[in-house]
Amino acid sequence: MEAIFYILAFLMLLSALMVVFMRQPVHSALSLLLNMVLTAIVYLAYLKAPFVAVIQVIVYMGAVVVFVLFVIMLMDLSNGGFREVVGFARFLFAFGIALVFLLQFLFIGSFVTGSVPIVGEYIQGDKLAEVIFTKYALPFEVVSILIFSAVVGAVAMAKKRA
């Protein structure tokens, strides 16, 4: 059982690196989709959190990846401007992400061998929705507006260069 966890962890790390190192943005988005699938499997199998796994599938895989693909399709990347920033900085960024993932997997892996907190017992859909839409309603909406304005700004910047 522990070997399967480490295989999933390695595949998640590999797909995260593919997000950074793929030359085509659509391939990066598909690698992100693979990473989210693997994350949902870890939520379901090891953290015993079916609700969080379903939210991962519906929200992140169903909405965020489609949103990212929509933005990629809106931007005109045929002139090669996207590939200009690929040097050493991109390698350092990928190395930093890989290091963070490795540390997370080692930390979570130590929990897998010991006692795993059962997340599914104390995260219930109705209680989570009540907290999000009462106590944290304003920050929830502010984050959605921030994400939307960032996408509009990215598309506007891409259109100016073309």
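Okay, so let's go over this structure. From a predicted model like this one, the values you see are computed outputs, not experimental measurements.

Definitions and cut-offs
Residues numbered from 1 in each chain as written. Predicted model: local features only at pLDDT ≥ 70, side-chain atom pairs only at ≥ 80, totals over all residues. Heavy atoms only, no water. Helix = DSSP H or I, 4+ residues; strand = E, 2+ residues; numbered from the N terminus. Expected span 1.5 Å × (residues − 1). Bend = angle between axes of the 7 residues up to and from the residue. Buried < 20%, exposed > 50% of the residue type's maximum accessible area, 1.4 Å probe, protein only. Phe/Tyr/Trp six-rings, centres within 6.5 Å; stacked < 30°, edge-to-face > 60°.

1. What about helix H3 (residues 50-74)?
Within an α-helix, residues lying three or four positions from one another point in the same direction, as the helix has 3.6 residues per turn. With 25 residues, H3 should cover 36 Å at 1.5 Å per step; its first-to-last C-alpha distance of 34 Å lies within 8% of that length. At tyrosine 60, H3 shows its maximal kink, close to 25°. Here H3 has its buried residues at Ala53, Gln56, Met61, Val65, Val71 and Ile72.

2. Digging into the packing of aromatic side chains
A full pass over the atoms with the stated rule returns 2 aromatic pairs. On the basis of an interplanar angle of 75° and a centroid distance of 5.6 Å, the ring pair of phenylalanine 5 and tyrosine 6 is categorised as edge-to-face. Its relative accessible area of 34% is what places tyrosine 6 among the partly exposed residues. Taking the centre distance of 5.1 Å and the plane angle of 70° together, the rings of phenylalanine 5 and tyrosine 46 count as edge-to-face. Within this pair, whereas phenylalanine 5 is found in helix H1 (residues 2-21), its partner tyrosine 46 is found in the loop between helix H2 (25-45) and H3, the two being separated by 41 residues in sequence. Of the two residues, phenylalanine 5 and tyrosine 46, neither departs from the other in class, the shared state being buried. One aromatic cluster is present, formed by Phe5, Tyr6 and Tyr46 through successive ring pairs.

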